[in-house]
Amino acid sequence: MRITILIFFLFVANLNAQNKYTLNVGEIKQKKYHTTFDFENVKGKIIIDVKINNKIRKFILDTGAPTSISAEIKSEGKFKQIINSEVTDANGKSGNIDAIQIPEFSINGLVFLNNYALQIEDMSYFKCFNVEGIIGSNSLRNSVVEFDFKSNKVTISSNFKSFRYGKIKENKLFFKDLQSTPILKVKMKLGYLNLNEEVMFDSGDDSFYSISTNNINQLLSLINEKKIPEELQKISQSDLLGIIASSNGSFSFSLFGFETENNHYKFKIQDFAFGTTNFDNIIATTTYGSNSRIGTEILNHGKLTLDYKRKKFYFQEYNNHKEIDVKHKFKSIFPSFENDKFIVGIIWDNNLKDKIKVGDEIVKVNDIEFSKLTKCQIMRMSFDDLKDFDNLKVELKDKETNEIKIVEIQN
């Protein structure tokens, strides 16, 4: 088992207003601009400085979300309420939320005027990262944005030519919603099937790739209806789709809280083509969002540029290698939280299911005493010091009996 906190904040919000109200409103004061600034990388989250209400605050730069602010920020200034709309989050949960207009905010001197944003009431997750809001794609939609994880810098520009890349392969970018979420195409080999898929780039998700259950269900329908080549029809569904595990549980957090327990699949993916780069040995899980996603783990391997204006994207490998082995390991469990307790959210290894239950509290792993840590401390911490162990000793409190049990798990 490799302990990894994979409690994704999947803040993909789709407005359900009957008039299809758009969040793509507002502009940048400067007509020509090119600004580069540092960001803080915390668990794959891109945390930047934003000046709003004459005060510097921390925000997450999240391409999979609309720009959003806390109720506290709203209470400090004069913000016009635009609409109260039903919103669906990345886990399919719905609720009503206010859309407001922000007169002005700035990033490294770049001034944004009259942008629309959502007001977030529950900031408990954000407080763990010491942030007070999100800068989303609706505010970036007229710019070119470069993400460079190697130097921990982001660049926002009005003109792609200002990057002076020289000869570089361009790829198509799409927008299908009311907040300019970037959608791009990837090719992959999923089991025996070669797929072309439209996925969103979500810089608020720290995984490499997650596949939508909507897409998996469509594939399963084609298989069940025998709308696949005859020579593939005798192959089991698991082998056909490259499914290496399935289980029931939850591990993702979005706008309206943690997802409810659902059935999830884990896949081994080869030949994942992103632009002109090919990735191998990816292990991906399903997500109950409406779109498959690429997250910020891919930025560990190359520089990504989103040209919102010209509807293009560019990926440049840091080492110029077109073939990259990501070497994902099979993770036996995914943790989650319940009532601020660190628990087992999902169990992937069937051999553990008679020893561990979903909901068991994770008390200790080797020398790390999770029971003495706060939720925020756990969500921000790194587990690199556990990578060198072949086996991990996990101490758990049984959710039914409260008995302490120790399970040794292969790392």
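Asker: Looking at this model, I keep getting lost on the overall build of the protein chain. Mind explaining?
Answerer: Counting secondary structure elements, the protein chain contains 6 helices and 33 strands. Evaluated residue by residue, the protein chain yields a buried proportion of 57% over its 411 residues. Contacts in the protein chain between residues at least 24 apart in sequence constitute 65% of all its contacts with a sequence separation of at least 6. Approximately 18,500 Å² of the protein chain is accessible, and the part contributed by carbon and sulfur atoms is 43%.

Asker: Looking at this structure, I do not really get unusual backbone geometry. What am I missing?
Answerer: For residues that are not glycine, phi is negative in most cases, and the peptide bond is trans in most cases. Look at lysine 311: it is not a glycine, yet its phi comes out positive at around 55 degrees. Assignment of secondary structure puts lysine 311 in the loop between β25 (302-307) and β26 (312-317). A relative accessible area of 47% places lysine 311 in the partly exposed class. Backbone geometry places asparagine 366, a non-glycine residue, at a positive phi of 50 degrees. Note on placement: asparagine 366 falls in the loop between β30 (361-365) and β31 (368-369).

Asker: Help me understand the packing of aromatic side chains, please; the structure alone is not making it clear to me.
Answerer: Here the distance between the centres and the angle between the planes together describe a pair of aromatic rings. Under the counting rule described, the total for this entry stands at 20 aromatic pairs. When the ring of phenylalanine 160 is compared with that of phenylalanine 163, the centres are 6.5 Å apart and the planes differ by 40 degrees; the resulting orientation is tilted. What links up through ring pairs into an aromatic cluster is the set Phe208, Tyr209, Phe272, Phe274, Phe279, Phe313 and Phe315. Note that lysine 266 overlies the ring of phenylalanine 330, its terminal NZ or CZ placed 5.2 Å from the centroid. A cation sits over an aromatic face here: lysine 375 above phenylalanine 337, 5.5 Å from the ring centre.

Asker: Just to check I follow, could you spell out the pairing of strand β10 (residues 110-120) for this structure?
Answerer: Two faces make up the sheet, and in a regular strand the side chains alternate between them. Across the 11 residues of β10, 10 count as buried, placing the element largely inside the fold. Across 2 bridges, the pairing between strand β2 (residues 27-28) and β10 is antiparallel. Paired with isoleucine 28 across the two strands is phenylalanine 112, which belongs to β10. Direction of pairing for strand β7 (residues 68-70) relative to β10: parallel, over a ladder of 3 bridges. By the bridge assignment, isoleucine 69 is partnered in β10 with glutamine 119.

What counts and what doesn't
- Residues numbered from 1 in each chain as written.
- Predicted model: local features only at pLDDT ≥ 70, side-chain atom pairs only at ≥ 80, totals over all residues.
- Heavy atoms only, no water.
- Helix = DSSP H or I, 4+ residues; strand = E, 2+ residues; numbered from the N terminus.
- Buried < 20%, exposed > 50% of the residue type's maximum accessible area, 1.4 Å probe, protein only.
- Contact = heavy atoms within 4.5 Å.
- Areas by Shrake-Rupley, 256 points an atom, 1.4 Å probe, with all protein chains shown as cover.
- Phe/Tyr/Trp six-rings, centres within 6.5 Å; stacked < 30°, edge-to-face > 60°.
- Lys NZ or Arg CZ within 6 Å of the ring centre and 35° of its normal.
- Pairing = 2+ DSSP bridges.

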